[in-house]
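Each chain is listed here by its residues.
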Amino acid sequence: MGAIAALILAAGKGTRMKSDLLKVMHPLGGHPMIEYPVAAAREAGASRIVIVTGHQSDSVRSYFCGSKDIAFAHQAEQLGTGHAVASARQSLAGFSGRILILCGDVPLLKPQTLQKAIACHAGSSAAVTVLTAQQDNPYGYGRIVKDAGGNILRIVEEKEANDAERKIREINSGIYCVESEFLFDAISRLSNNNVQGEYYLTDIVQLAAEEGLPCVAFSVVDPNELMGVNDRIQLAAAAALLRKEVNEALMSDGVTIIDPCNTYIDKGVKIGRDTTIHPNVHINGMTEIGANCTVESSVSIKDCRIGKGVIIRTGSVLANALLHDAVAVGPMAHLRPGTELMKDVRIGNFVETKKAQIGEGSKASHLTYLGDVTIGKGVNIGCGTITCNYDGINKHRTIIEDNVFVGSDVQLIAPVTIGRNALIAAGSTVTKDVPPDSLAIARTPQVNKEGWKLKK
Ligand code: UD1
Ligand code: CA
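None of these values were measured; they are calculated from a predicted model. (Residues numbered from 1 in each chain as written. Chains lettered and ligands numbered in written order. Predicted model: local features only at pLDDT ≥ 70, side-chain atom pairs only at ≥ 80, totals over all residues. Heavy atoms only, no water.)

### Considering the packing of aromatic side chains
Here comes step 1: For the structure shown, the criterion picks out one aromatic pair.
Here comes step 2: Centre to centre, the rings of Tyr63 and Phe64 are 5.0 Å apart; their planes meet at 90 degrees, and the pair counts as edge-to-face.
Here comes step 3: Since its relative accessible area comes to 36%, Tyr63 is described here as partly exposed. (Phe/Tyr/Trp six-rings, centres within 6.5 Å; stacked < 30°, edge-to-face > 60°. Buried < 20%, exposed > 50% of the residue type's maximum accessible area, 1.4 Å probe, protein only.)

What follows is the structure, encoded as structure tokens:
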């Protein structure tokens with residue numbers, strides 16, 4: 001089908017967002033909005049991608065800095081979408097194939113739809129193929145004006161449209177497939193003689209029509225795919241549509257989602273079959289969850305890897321943690337980065353872990369802080385245990401070997417090692433290493449003063 005390049009327009013500030021963050025960097029489904037058109041272009045076979053940046057160009061450039069297939073063109077002043085394309089002329093010098101033009105703020109377009117549009121363009125003699133859709137509420141979009149034969153004559157912006165044109169429900173998505181030779185010739189002939197004083201990319205359609213070059217509409221069945229995100233209301237609407245798509249894909253693969261409207265899972269999260277997700281759960285980032293797990297309500301999980309048969313109870317917060325099979329966590333546990341829980345570990349309510357490796361079958365069931373710690377197998381951590389890892393300047397590690405029993409209300413002053421099979425008496429403040437198989441007791445002996453109350 002010949003070489004394809006993609007141009008992604010993202011120089012606009014996104015004034016209607018009323019934000020300090022560039023519009024196309026606003027997160028949608030856990031990824032900056034611009035990642036979606038980039039992914040669609042790649043999947044549709046674009047061998048090179050040029051992103052046109054302007055406002056806050058550094059944020060976009062640094063986000064994609066590792067991507068070898070992406071180049072950047074700078075549009076210093078935002079003089080319109082046509083001017084944005086002109087800014088990329090140098091970046092595409094010598095390229096003679098087809099050019100896809102995508103908008104950084106149209107994130108829901110499916111790669112398959114783009115592929116079909118390219119195939120349609122390739123099978124026609126069109127100079128320009130415009131992706132269009134019938135919108136019930138076309139307000140704000142450019143409208144497609146066609147001749148009797150279905151060829152596009154021109155695209156009229158909302159602000160320029162007369163009453164009859166405003167009634168047209170077929171809208172311009174801002175996504176096009178264009179022959180490169182025609183594109184850059186047409187771009188050089190655009191004028192900014194319009195309401196906004198901008199160089200409109202949409203005017204290339206009229207230029208083609210005037211030269212007798214066919215312009216074809218590729219009608220997209222689901223208008224939601226072409227939704228533009230210009231303000232926070234549209235951002236929320238797009239997020240809801242994406243969420244529905246993500247949740248439905250997971251449910252189709254055998255995940256039970258009790259209330260999909262109130263379950264927030266980022267695109268790219270993987271979840272195994274027969275896992276149940278309760279309402280108001282957030283699963284973000286690069287998280288992977290195995291089969292047969294239960295995630296109870298109001299749990300937040302970010303960038304975690306979770307094995308099979310794990311239960312995460314209500315109100316727990318997990319980030320950058322690795323949980324092996326059959327682990328139980330919560331309710332209201334906090335697993336922080338660097339936590340690794342081996343098989344059958346139990347972490348109960350109000351337990352916080354950080355840089356904590358906890359061995360198979362070990363338990364910390366209540367009210368405990370475990371930071372900078374390595375815990376062996378079969379260890380019991382009593383209620384109220386604290387690893388005192390921070391001396392005000394440095395962090396120190398605690399090592400607790402296999403089968404240790406730590407009684408309730410114990411402070412372990414790191415660095416300290418508790419040898420295997422030792423027992424720490426409740427209420428102890430442990431400042432010295434404890435040898436294996438021994439009892440450590442470090443608390444003030446109790447004094448009973450008999451009759452003391454009677455004398456008062
Ligand atoms: C544009 C289309 C409109 C279409 C709509 C679809 C034009 C003139 N209008 O309108 O027909 O229905 O998209 O969503 O093309 N941009 C630049 N440089 C600029 C101006 C814009 O890079 O100088 C980028 C923006 O960052 C954005 C995209 O182009 O990603 C579209 O610009 P925007 O201002 O949102 O255009 P719309 O008014 O939505
Ligand atoms: Ca827009």
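### Describing the domain arrangement of the chain
Here comes step 1: Domain boundaries in the chain define domain 1 (4-226) and domain 2 (255-440).
Here comes step 2: Between the C-alpha centres of domain 1 and domain 2 there is a distance of 49 Å. (Domains from an automatic or database assignment.)

### What to know about the site of ligand 1
Here comes step 1: Inspection of the region around ligand 1 gives 24 residues, with Gln75, Gly80, Thr81, Glu157 and Asn172 positioned closest.
Here comes step 2: Gln75 places a side-chain nitrogen or oxygen 2.7 Å from a nitrogen atom of ligand 1.
Here comes step 3: Interatomic distance of 2.9 Å between a backbone N/O atom of Gly142 and an oxygen atom of ligand 1.
Here comes step 4: Compared with its free state, where it exposes 760 Å², ligand 1 has 90% of that area covered by protein.
Here comes step 5: Taken together, the elements giving at least two residues each to the shell around ligand 1 come down to β1 (4-10), α3 (81-87) and β10 (170-179).
Here comes step 6: For the shell around ligand 1, the residue count by class is nine nonpolar, eleven polar and four charged. (Near = heavy atom within 4 Å. Polar contact = N/O pair within 3.5 Å; in protein donor to acceptor, adjacent residues only side chain to side chain. Areas by Shrake-Rupley, 256 points an atom, 1.4 Å probe, with all protein chains shown as cover. Helix = DSSP H or I, 4+ residues; strand = E, 2+ residues; numbered from the N terminus. Nonpolar A, V, L, I, M, F, W, Y, C, P; charged D, E, K, R; others polar.)

### Things to note about the pattern of salt bridges
Here comes step 1: Applying the stated rule across the entire model yields 16 salt bridges.
Here comes step 2: Measuring nitrogen to oxygen at the nearest pair gives 3.0 Å for the salt bridge that ties Glu170 to Lys146. Of this pair, Glu170 sits in strand β10 while Lys146 is found in strand β8 (residues 143-146), placing the two residues 24 residues apart along the sequence.
Here comes step 3: For Lys146, a relative accessible area of 35% translates into the label partly exposed.
Here comes step 4: Residues Lys354 and Asp372 are paired through a salt bridge, measuring 2.9 Å at the closest nitrogen-oxygen approach. One end of the pair, Lys354, is in strand β27 (residues 346-358); the other, Asp372, is in strand β28 (residues 363-375), and 18 residues separate them in sequence. The same class applies to Lys354 and to Asp372, which are both buried.
Here comes step 5: Salt bridges here are not isolated pairs; linked through shared partners, they connect Arg143, Glu158, Asp163 and Arg166. (Salt bridge = Lys/Arg side-chain N within 4 Å of Asp/Glu carboxyl O.)

### Quick word on the coordination of the calcium ion (ligand 2)
Here comes step 1: Distances from the calcium ion (ligand 2) to its protein donors, Asp105 (OD) and Asn230 (OD1), fall at 2.3 to 2.5 Å. Pair noted here: Asp105 is in the loop between β6 (98-103) and α4 (111-122) and Asn230 is in the loop between β11 (215-219) and α8 (232-252), with a separation of 125 residues, a long-range link.
Here comes step 2: Taking the relative accessible area as the measure of exposure, Asp105 reaches 15% and is therefore buried.
Here comes step 3: The exposure class of Asn230 is buried, given its relative accessible area of 17%. (Donors = N, O, S within 2.8 Å, 3.2 Å for Na, K, Ca; no water.)

### Remarks on the packing of helix α1 (residues 35-43) against α4
Here comes step 1: Between α1 and α4, the shortest axis-to-axis distance is 8 Å and the interhelical angle comes to 50 degrees. Classed by the angle they form, the pair α1 and α4 counts as oblique. In the crossing of α1 with α4, the sense of the turn from one axis to the other is right-handed. Between α1 and α4, the contacting residues are Ala40, Ala41 and Glu43 on the first element and Pro111, Leu114 and Gln115 on the second.
Here comes step 2: Residue classes in the contact of α1 with α4 are distributed as four nonpolar, one polar and one charged. (Axes fitted to C-alpha atoms, helices over the stretch in contact; angles between N-to-C directions. Parallel < 35°, antiparallel > 145°, perpendicular 65-115°, else oblique. Left-handed = near helix turned anticlockwise from the far one by under 90°. Contact = heavy atoms within 4.5 Å.)

### As for unusual backbone geometry
Here comes step 1: Omega for the peptide link from Gly330 to Pro331 comes to 5 degrees, which places this bond in the cis form.
Here comes step 2: Note on placement: Pro331 falls in the loop between β24 (328-329) and β25 (334-335).
Here comes step 3: Following Ala414, the chain continues to Pro415 via a peptide bond in cis, the omega torsion being 5 degrees.
Here comes step 4: As for its position among the elements, Pro415 is in the loop between β33 (411-413) and β34 (416-418).
Here comes step 5: The phi torsion at Met332 lies on the positive side, around 55 degrees, for a residue other than glycine.
Here comes step 6: Tracing the backbone through its elements, the reader meets Met332 in the loop between β24 and β25.
Here comes step 7: In this structure Met332 comes out as partly exposed when scored by relative accessible area, which is 39%.
Here comes step 8: Even without glycine at this site, Asp437 takes up a positive phi of about 60 degrees.
Here comes step 9: With respect to the helices, strands and loops of the structure, Asp437 is situated in the loop between β36 (429-430) and β37 (439-440).
Here comes step 10: For Asp437, a relative accessible area of 53% translates into the label exposed.

### Overview of the layout of surface pockets
In this approach the atoms are scanned with a rolling probe the size of a water molecule, which exposes any empty space left behind.
Here comes step 1: Computed from the structure, the largest pocket encloses a volume of approximately 1,500 Å³.
Here comes step 2: Surrounding the largest pocket, 43 residues form its lining, Arg16, Lys23, Asp105, Gly140 and Asn230 being those nearest its centre.
Here comes step 3: Mapped by element, the contributors of at least two residues to the lining of the largest pocket are β1, α3 and β10.
Here comes step 4: Ranked by residue count, the leading element in the lining of the largest pocket is β10, at four residues.
Here comes step 5: In the lining of the largest pocket, the residues fall into 13 nonpolar, 21 polar and nine charged.
Here comes step 6: One number sums up the size of the second largest pocket: a volume of about 330 Å³.
Here comes step 7: Around the second largest pocket, the lining comprises 16 residues; the ones closest to its centre are Tyr36, Glu43, Pro111, Glu245 and Lys267. (1 Å grid on protein atoms, 1.4 Å probe; cavity = no way out; pocket = protein on both sides within 12 Å on 5 of 7 lines; lining within 4 Å. Points joined across faces, edges and corners; volume = space filled by probe spheres on them.)

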